[in-house]
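# Structural characterization, general
In case you want the letters, here they are:
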Amino acid sequence: NETFEECCAVEDYCIELPECDPTLIKDECKIARRAPCNPNTGLATVPFTICNNGTVPKVYALSALPTPSALCPVSLPLSSFSFPATVGPIAPGDCVTTLIQIDCSALEQSNCAQFEICAQAISPVAEERFCCPSTVYIPDDSGVFLGLASDGDRLVIPDNGVRDLRIEVDNTTDEAQNI
């Protein structure tokens with residue numbers, strides 16, 4: 001005699017989760033990890049990108065914050081940073097790049113300084129500030145400087161887009177150089 005037991009199946013349960021709110025994706029920034037100072041001009045030009053991951057256009061206020069460390073002990077004065085006070089409006093899902101100019105004259109006693117460039121949405125409503133760290137440095141004395149040329153305060157590159165950039169090449173000595 002074979003006996004088959006029927007076992008009751010566990011009931012299916014459905015869990016309804018709320019849809020993801022795209023406004024919960026935080027805005028973000030991007031900056032070069034290291035930026036060289038031009039020994040001839042005493043300036044560094046650093047691209048800083050802000051991405052609006054929200055659902056409405058936003059205007060952002062920019063600020064700088066020196067962050068000295070044991071490796072880079074110089075604290076750049078705030079007057080060393082030159083950038084637009086605000087950037088935007090930036091459309092939802094878009095990114096805009098602006099150029100930050102840094103006066104490197106405080107680096108004479110050291111070869112680098114760390115800092116953060118910060119952005120905070122101020123319109124249509126104020127939001128939490130977010131920052132990206134970078135380091136500005138004096139390049140070696142090889143006599144050749146290669147950096148990003150500053151040709152304006154705003155550099156717009158759409159998603160999957162292309163834009164020409166000017167690269168600055170400078171001879172930092174009185175001797176001819178091969179590049």
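Anyway, here's the lowdown on the structure attached to this text. Worth saying up front: this structure is predicted, and the values here are computed from it rather than measured.

### Digging into the pattern of salt bridges
- Within this structure, the stated rule accounts for two salt bridges.
- For Glu127, the salt bridge is made with Lys58, and the minimal N-O distance between the two is 3.1 Å. You can see Glu127 sitting in the loop between β8 (112–123) and β9 (130–137) and its partner Lys58 sitting in strand β4 (residues 58–66), a full 69 residues away along the chain.
- The class for Glu127 is partly exposed, based on a relative accessible area of 29%.
- Overall, Lys58 belongs to the buried group, its relative accessible area being 6%.
- Taken together, the shared-partner salt bridges in this structure form one network comprising Asp27, Lys58 and Glu127.

### Quick notes on the side chain of Thr97
- Position of Thr97 relative to the elements: it lies in strand β7 (residues 95–103).
- For Thr97, a relative accessible area of 9% corresponds to the buried category.
- Among the polar contacts listed, one links the side chain of Thr97 to the side chain of Thr49, at a separation of 2.6 Å.

### Thoughts on the nonpolar core
- Counting residues in each nonpolar core, the largest one holds 29 residues, and the members touching the most others are Phe48, Ile50 and Val136.
- For this core, the secondary-structure elements that each account for two or more residues are β1 (28–31), β3 (43–51), β4, β6 (86–90), β7, β8 and β9.
- Not counting the four nearest positions on each side in its chain, Ile50 is found in contact with Glu28, Tyr60, Leu62, Val87, Ile90, Asp94, Cys95, Val96, Ala119 and Phe130.

### Regarding the sheet that holds β4
- Across the sheet, which stays open at both edges, the five strands sit in the order β2-β9-β8-β4-β6 with mixed pairing between neighbours. Only two strands of the sheet have a single neighbouring strand rather than two, namely β2 (34–36) and β6. Between one strand and the next, the sheet's axes are offset by a mean angle of 30 degrees, whatever the strand orientation.
- Pairing geometry for β4 and β6, over three bridges, is antiparallel. Note that in β6 the partner of Ala61 across the bridge is Thr86.

Calculation notes
- Residues numbered from 1 in each chain as written.
- Predicted model: local features only at pLDDT ≥ 70, side-chain atom pairs only at ≥ 80, totals over all residues.
- Heavy atoms only, no water.
- Salt bridge = Lys/Arg side-chain N within 4 Å of Asp/Glu carboxyl O.
- Helix = DSSP H or I, 4+ residues; strand = E, 2+ residues; numbered from the N terminus.
- Buried < 20%, exposed > 50% of the residue type's maximum accessible area, 1.4 Å probe, protein only.
- Polar contact = N/O pair within 3.5 Å; in protein donor to acceptor, adjacent residues only side chain to side chain.
- Core = buried A, V, L, I, M, F, W, Y, C linked by side-chain atoms within 4.5 Å.
- Contact = heavy atoms within 4.5 Å.
- Pairing = 2+ DSSP bridges.
- Axes fitted to C-alpha atoms, helices over the stretch in contact; angles between N-to-C directions.

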